[in-house]
Number of protein chains: 4
Amino acid sequence: MTPVTLERVLAPLDAALPELEALYIDLHRHPELSFAETRTAAELARRLEGDGYEVHTGIAGTGVLGVLRNGEGPTVLLRADIDALPVEEKTGLSYASTARGTDEHGTDVPVMHACGHDMHATWLSGAAALLAKGRDTWAGTLLVVFQPGEEGAGGASAMVRDGLFDIAGKPDVVFGQHLVPGPAGWVLTRPGVIMAATDTLRVTLHGRGGHGSRPETTVDPAVLAASVVLKLQTIVSREIAATDSAVVTVGSLHVGTASNVIADDAVMEVNVRSFDQAVRERVLAAVERIVHGEAATAGAPKPPEIERSGAYPVTENDEAANDALTEVFRGHFGADVVYPAPLITGSEDFSEFGRAAGVPSVFWLVGGFDPQTVITAMTEGRFERDIPSNHSPRFAPILHPTLRTGIETLVVAALSKLRHPGVG
Amino acid sequence: MTPVTLERVLAPLDAALPELEALYIDLHRHPELSFAETRTAAELARRLEGDGYEVHTGIAGTGVLGVLRNGEGPTVLLRADIDALPVEEKTGLSYASTARGTDEHGTDVPVMHACGHDMHATWLSGAAALLAKGRDTWAGTLLVVFQPGEEGAGGASAMVRDGLFDIAGKPDVVFGQHLVPGPAGWVLTRPGVIMAATDTLRVTLHGRGGHGSRPETTVDPAVLAASVVLKLQTIVSREIAATDSAVVTVGSLHVGTASNVIADDAVMEVNVRSFDQAVRERVLAAVERIVHGEAATAGAPKPPEIERSGAYPVTENDEAANDALTEVFRGHFGADVVYPAPLITGSEDFSEFGRAAGVPSVFWLVGGFDPQTVITAMTEGRFERDIPSNHSPRFAPILHPTLRTGIETLVVAALSKLRHPGVG
Amino acid sequence: MTPVTLERVLAPLDAALPELEALYIDLHRHPELSFAETRTAAELARRLEGDGYEVHTGIAGTGVLGVLRNGEGPTVLLRADIDALPVEEKTGLSYASTARGTDEHGTDVPVMHACGHDMHATWLSGAAALLAKGRDTWAGTLLVVFQPGEEGAGGASAMVRDGLFDIAGKPDVVFGQHLVPGPAGWVLTRPGVIMAATDTLRVTLHGRGGHGSRPETTVDPAVLAASVVLKLQTIVSREIAATDSAVVTVGSLHVGTASNVIADDAVMEVNVRSFDQAVRERVLAAVERIVHGEAATAGAPKPPEIERSGAYPVTENDEAANDALTEVFRGHFGADVVYPAPLITGSEDFSEFGRAAGVPSVFWLVGGFDPQTVITAMTEGRFERDIPSNHSPRFAPILHPTLRTGIETLVVAALSKLRHPGVG
Amino acid sequence: MTPVTLERVLAPLDAALPELEALYIDLHRHPELSFAETRTAAELARRLEGDGYEVHTGIAGTGVLGVLRNGEGPTVLLRADIDALPVEEKTGLSYASTARGTDEHGTDVPVMHACGHDMHATWLSGAAALLAKGRDTWAGTLLVVFQPGEEGAGGASAMVRDGLFDIAGKPDVVFGQHLVPGPAGWVLTRPGVIMAATDTLRVTLHGRGGHGSRPETTVDPAVLAASVVLKLQTIVSREIAATDSAVVTVGSLHVGTASNVIADDAVMEVNVRSFDQAVRERVLAAVERIVHGEAATAGAPKPPEIERSGAYPVTENDEAANDALTEVFRGHFGADVVYPAPLITGSEDFSEFGRAAGVPSVFWLVGGFDPQTVITAMTEGRFERDIPSNHSPRFAPILHPTLRTGIETLVVAALSKLRHPGVG
């Protein structure tokens, strides 16, 4: 990649930005839950086709693959995830979502792009267009993957299982990125482990229902569930070394439907994060011990059920590929906006693509919030309190320069690997 | 009431039982939530009309009043409640409910007659028919009231406010009854307080949402709610004298919609029972102190909201009227099946009718379970463990002699007050 | 008992009061723990000897029996308990205790007559003197028992086992009384059960100790014990019917000796009160289930130990004897100060004497606090908050008329049973 | 330091070991609590005097300084801490401690060298003797400091405040070491922060006492304290990022003295560990918020008291000095036994000496357990479960080669800084 090549490929971006902004706002207004991204996938596929990609839809249900075969050379896979979350938007934005969806338990829930996948999709759509327009500057094959079901639903594995690599072969390298509440314009990279492993457990606690006024005839699942929630806190506080890292979150807890009826059961979803396999196993064993122990202590009529409903391993970057790409980013953006990423407790299934293909992959972070606000909050120690994190109902990235930065990262990364025609 | 009169009125009951059994099974199969009892009310109104009653429907939405003006004499009000509960039936009966409804929060929920109101309605429909057929044996006015929305929804007050007593005047006495898991054939009475006061509180706890992996940026409402549930247990265990009585039940608790998102809020419904005003006030004050205290302890971004969504005072029987009726029951059924009722922690809004009219009322209990099973369980100390209580998903009364007993009690009670024609 | 007889026996009381007040203050200043009442017992024995009783000391260690054989007639046993509690006095009285003692675990603790046994002893000493002086007015045998070790230590059973009834035979009736925070001058009686059964459990929870900074190498007994304490609250709140009564109190809890060391074990003492055998068994089974369940949930290296360190059954009054005595009290004191006693959740081993002898016994309550203050507090609903209960470090009875009332009750009760000479 | 010099200084060690082993066993058998180390200090001072040191005792009560002025050259301070812990030894060793002491609250407690300070003292005593014997090989001044009161009692600061540096001036470098449950023969070093900051809080929770059977008249401090213990777990589990580190331990908790008395107060000691000032402040603020919030929630009659009874900042090694010393250790012991130390959650006041003097300091760790056992346990993931940590009642180092290694480290470190005579 020479500066002149890159300059040529990025040249149309200025003119394209208003239209990409409209795409982002449209996706933001119409978020769709995991594996229900039909409208989103259709729009993204339509654009790839317009840009001249060979488009394959319906991979793992709602996944999309765009293939651009451009002569001999390496194959680069660029991936964006496209699903939204069952969160009720509270950003107050003019284009805030009011959408609703049906979650995996059949419940009607609000839906919001609270994790920035609308931005991810827009970035990749914009980058795919630029790389297609500038195809005379590079040689090789470009795989553009819009992945469904990233939010705990295993969409990456599902696409691989559904034959993703049978269509146009395996890539030589995989790139992906995530929007984070850092300063817009910043790019953050990290060698090795960058994001946590995650395990999702669905726990059903069995009590014995009855009249709300006669608890002595029941085993109250609300009290049992409350005990479990509090006891789960002791895993991180007492069973994991301070110098190790783990998170145990009870994201949802549901008991009963009426104030004067003691329900039969309680259902909770527990999410576990870890960066180390031994810690991960210790936490999962402790969750199981506590859930079963609390049920026995309560005199539950039958043992609880613990269903592992999802698991992502750590997101891990190839060290050499990461370091090389970091240098490329520094060269393009300047050293004052490319920083080392912290270890992120969030999880991703991005690494599945590289693992399944047996090739290096690199995942980096792109800031999307007002730099002044974010940096002041960091300096004054108010960052965690004041800046909405991913998954917050108030997660509201600014559009500029966020849109531009995340498109340029993808173009720069792809071109760093694709052969210059006439060179290789 | 002379034996011969009563005998004459009850004579058609044997022949009517199969048809009443069919009514009961039909109502059981088609339970309807509070104030949604349209099908139930229509069927009960249709029958009253067939029996010659002047029928008024739509009182407080789905309430029904049947009036039988039968010459000069006292006015007797017989009341049955007709709504069902958001409970998923687990009786395994061939006529078990599979119905669903929409609860007050707009959620789709299973519905079941887990409190026996289907039996209450059938009893009163059967008694109304017999009293109409035997109208030559008595004089006065009979008010037959099918009340909607008893399950915490204030249906009795709603009917009074909607003009119930404007239609045919106030009664001179009010009678009502409840099916309980005692031996079928038994009738239980009690002077003074027979059932508890109940208060229903809807508590919204405000946390601060975020990504499930970054609890340090949030105030986790699941942990806050769990703490509240456990702390509420200390009201009864530590703040109420062992020689006083109270119940504090968290009937429902709902937090979050996804495993990897920490929600903004938790919502719980708390039901309080008491038999004494000072105890009631102490419990309610403690709930408020604990809910606010826990929110402050958690560092909640704003105070919790406590909404009093329903309150029934104690169900209290006129002592003289109760004692007189008890004697009448003993005479009719025999002393070996008429017993003193225990103090019931359940609540009722039955007393609203007598209070609003300023007249005596009497409420009694009728057993509906297999006597052999119930009495053996009592004797062996397994009653509370083995016999499903009201509101249990396994609440399954036997039909015989339950149907007959509850019809006879109403007829006997009504005739004990209505003037014998040619006598008064 | 004729009024003239009683008047004659009580006549010396006025003159004796100053000296009895001094005795009370002396006992209050020198409280002694269960079975360590050597100074107290010596003083009470000395007085009985001075009054002409045949005195037996050292029964069950520190128990005292005074026998006054006064011709043919019934045998009446009057009993007072004499031990104090490991409580640090905070009454601010000029004669407040600063005494210390050694508890059953060898620990040095403050000691206080926080339960009024100093008053009980003074009352009985005063009554014994009057009955001895007035012995020409009655015939029979008087047994004056100063019982040690009432506070959970089983002193009554110990005296019986140590041969109490071998010395002067069994009594025909047993009388006893307790000072309560009611209005001074009031006497409260109750047929049947008057006080609760009590069970004391010493629970040792085994964790695994280690450095305070490395909880992951330990099983933290402080967290385990805290969980047990909170879970025990659910027995009364969820497992006992609101219409039944029970109390579960963790009176003491001790874990660790340094802030930066996680201890191996936690030790707690649990006190259970109940009025009904089925409830009692249910509570004790629940304590055991919870203690073992919590230890398993915590991953404790070995099971906890639960040692039953004491148990008193209910204190129960012979109904006929109680009713007769109540009439006598009304006659002597006036109906405006003799009231029905409430059911008391405190416990006593007084009933052991009557049970062991197979004879009726009656136990009543005597108020000892300023009537104006107590009655105003009752009226305004501040009684429980403002009036220190038995065992409170601020339990401070007033001396007058408390001293007089409790002496007269014993004299009146004894004379109600003892034969009038020349009559029987 | 040339090999020949070092060899000459260490030559007498073989012959001295039996006597040093006897010293260790004697110290182990006679542990003394913080600032009560009179016997220990006297013995160590006696030995220094025998070795020709100028000895100053009574610094900060029981601290000892030995000064060896040996010509011109740098001043090196070697420090060992000498106090023991209130732990009951359970090692089963033939020389196990049965000692008792009086803790800071006047309570009689068992005492044990559960943190290895007996080894620290023996090491330094042995090294001091060797360096004195070999004084012809070096020039400069040696300060040997036996520090009392390291276990949370601030002994290092106390010695500095009491004029430690006024006696023989400030050192140019400070060295110290700690025995850990690693393989005997291993030495572990770390640049920068090596041990955590610690804060100790004494929390008094005020309830309102009363009779154990009448909780409704009380505010039960046992329930309040249990709630606080459980809620404190949520600081680490919810308020600190997984990628940060903190420990919150309730090391001691004491409530009540009798099973049937509800106490007035509960007292607990909380120990906090952190490696970062922002985290430290967040944890301390959360402890305060929770303790006050829980008291308010319980309706406590007055606010709790939180007394900061001790605080150590992080133990931090000068990076250059540490790296230089690590190289020296590798040269002497071999690279196969000198490893990077992990970040230790334990705390130390060692850094106070360097900070107060404004000079570099280095603190390292020395293993003291059977290598076979420790390494196998590590490999099989049983280390934390099977190997007793510092402060465990089963902490039992092996004597060989532990004694030798810790003496050699001190000699090697001192000689690495002290001028070779005739050279500088």
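Residues numbered from 1 in each chain as written. Chains lettered and ligands numbered in written order. Predicted model: local features only at pLDDT ≥ 70, side-chain atom pairs only at ≥ 80, totals over all residues. Heavy atoms only, no water.

## Section: the relation of the copies chain D and chain C
Consideration 1: When chain D is brought onto chain C, the operation consists of a screw motion whose angular component is 180° and whose axial shift is 0.0 Å, with 0.1 Å RMSD remaining. What the rotation and shift describe, once combined, is the action of a two-fold rotation axis. (Least-squares fit on C-alpha atoms with pLDDT ≥ 70 in both.)

## Description of the interface of chain D and chain C
Consideration 1: Listed by partner, the interface residues are 56 residues for chain D and 55 residues for chain C.
Consideration 2: Here chain D and chain C share an interface that buries about 4900 Å² over both sides, 53% of which is from carbon and sulfur atoms.
Consideration 3: One can count six salt bridges joining chain D with chain C.
Consideration 4: Notably, a salt bridge pairs D:Asp264 with C:Lys90, separated by 2.7 Å at the nearest N-O pair.
Consideration 5: Linking chain D with chain C are 29 residue pairs in polar contact (both at pLDDT 80 or more), by the criterion used here.
Consideration 6: Those elements giving two or more residues to the side of chain D that touches chain C turn out to be β11 (210-211), α7 (221-239), β12 (246-255), β13 (261-262), β14 (265-274) and α12 (383-386) of chain D.
Consideration 7: Its residues assigned to classes, the side of chain D that touches chain C shows 19 nonpolar, 24 polar and 13 charged.
Consideration 8: Summarising the sheet, strand β12 (residues 246-255) of chain C and β12(D) pair through three bridges and their orientation is antiparallel. Bridged to C:Val255 within β12(D) is D:Leu253. (Contact = heavy atoms within 4.5 Å. Buried area = accessible area lost by both parts, 1.4 Å probe. Salt bridge = Lys/Arg side-chain N within 4 Å of Asp/Glu carboxyl O. Polar contact = N/O pair within 3.5 Å; in protein donor to acceptor, adjacent residues only side chain to side chain. Helix = DSSP H or I, 4+ residues; strand = E, 2+ residues; numbered from the N terminus. Nonpolar A, V, L, I, M, F, W, Y, C, P; charged D, E, K, R; others polar. Pairing = 2+ DSSP bridges.)

## Structural notes on unusual backbone geometry
Consideration 1: Residues B:His400 and B:Pro401 are joined by a peptide bond in cis, for which omega reads 5°.
Consideration 2: Checked against the element boundaries, B:Pro401 lands in the loop between α12 (383-386) and α13 (402-417).
Consideration 3: Unlike most non-glycine residues, C:His391 shows phi in positive territory, near 85°.
Consideration 4: Along the chain, C:His391 falls in the loop between α12 (383-386) and α13 (402-417).
Consideration 5: Here the phi dihedral of D:Phe35 falls at roughly 65°; this positive angle occurs in a residue that is not glycine.
Consideration 6: Mapped onto the fold, D:Phe35 is located in the loop between α2 (13-29) and α3 (38-50).

## With respect to the pattern of salt bridges
Residues and elements named next belong to chain A.
Consideration 1: Summed over all chains, the structure comprises 92 salt bridges over all chains.
Consideration 2: Residue Arg8 is joined to Asp136 by a salt bridge in which the shortest nitrogen-to-oxygen separation is 2.8 Å. Here Asp136 lies in the loop between α4 (117-133) and β6 (140-147) and Arg8 lies in helix α1 (residues 3-10), a separation of 128 residues in the sequence.
Consideration 3: Classification of Arg8 by relative accessible area gives partly exposed; the value is 48%.
Consideration 4: Each of Glu19, Glu43, Arg46 and Arg47 takes part in one network of salt bridges that share partners. (Buried < 20%, exposed > 50% of the residue type's maximum accessible area, 1.4 Å probe, protein only.)

## Looking at the sheet that holds strand β17 (residues 338-340) of chain C
Residue and element names in this part refer to chain C.
Consideration 1: Read across the sheet, eight strands follow the order β1-β2-β6-β3-β7-β18-β8-β17 without closing on themselves; strand pairing throughout is mixed. Each edge of the open sheet carries a strand with a single partner, namely β1 (54-59) and β17. For this sheet the average axis-to-axis angle between neighbouring strands, irrespective of direction, equals 25°.
Consideration 2: Here helix α4 (residues 117-133) sits on the sheet and contacts β2 (63-70), β3 (75-81), β6 (140-147), β7 (173-183) and β18 (361-369); the angle it forms with β3, its principal contact strand, is near 150°.
Consideration 3: α13 rests against β3, β6, β7, β8 (187-189) and β18 of the sheet, and its axis sits at about 155° to β7. (Axes fitted to C-alpha atoms, helices over the stretch in contact; angles between N-to-C directions.)

## Topic: the sheet that holds strand β3 (residues 75-81) of chain A
For sheets, the rule is that strands pair by backbone hydrogen bonds, running either parallel or antiparallel.
Residue and element names in this part refer to chain A.
Consideration 1: Read from one edge to the other, the open sheet built from eight strands follows the order β1-β2-β6-β3-β7-β18-β8-β17, with strand pairing classed as mixed. A strand with exactly one partner marks an edge of an open sheet, and here the two such strands are β1 (54-59) and β17 (338-340). Pairwise comparison of adjacent strand axes, ignoring direction, gives a mean angle of 25° for this sheet.
Consideration 2: Both strand β2 (residues 63-70) and β6 contribute to a ladder of seven bridges, which runs antiparallel. Looking at the pairing, Gly66 lines up with Val144 of β6.
Consideration 3: Packed on one face of the sheet, α4 meets β2, β3, β6, β7 (173-183) and β18 (361-369) and runs near 150° to β3.
Consideration 4: Across the sheet, helix α11 (residues 371-379) touches β7 and β18, and the angle it forms with β7 is around 75°.

## Considering the nonpolar core
Consideration 1: If you look at the biggest cluster of nonpolar residues, it comprises 128 residues, and the most contacted ones within it are A:Met268, B:Met268, C:Met268 and D:Met268.
Consideration 2: In contact with C:Met268, other than residues within four places in its own chain, are C:Leu201, C:Arg202, C:Val203, C:Leu205, C:Ala225, C:Val228, C:Val229, C:Val250, C:Ser252 and C:Leu253. (Core = buried A, V, L, I, M, F, W, Y, C linked by side-chain atoms within 4.5 Å.)

## Brief notes about the UniProt feature "domain: Peptidase M20 dimerisation" (unreviewed entry) in chain A
Consideration 1: When the UniProt feature table is mapped onto this chain numbering, "domain: Peptidase M20 dimerisation" (unreviewed entry) sits at residues 200-293 of chain A.
Consideration 2: Its end C-alpha atoms 20 Å apart, residues 200-293 of chain A is made of 38% helix and 33% strand. (UniProt positions renumbered as here; feature names shortened; annotations may be inferred.)

## Thoughts on the interface of chain A and chain B
Accessible area lost on assembly of the parts is the figure often given for the size of an interface.
Consideration 1: Opposite the 56 residues of chain A that make contact, chain B presents 56 residues.
Consideration 2: Across the chain A/chain B interface, buried area totals approximately 4900 Å², and carbon plus sulfur atoms make up 53% of it.
Consideration 3: Looking at the side of chain A facing chain B, the largest losses of area belong to A:Thr257, A:Ser259 and A:Glu384, adding up to 12% of the total buried there.
Consideration 4: Where chain A touches chain B, the interface holds six salt bridges.

## Some remarks on the pairing of β7(C)
All names here are of chain C.
Consideration 1: The element β7 is extensively covered by neighbouring structure, given that eleven of its eleven residues are classed as buried.
Consideration 2: Pairing of β7 with β18 involves eight bridges; the strand directions are parallel. From the neighbouring strand, His178 faces β18, where its bridge partner is Leu365.

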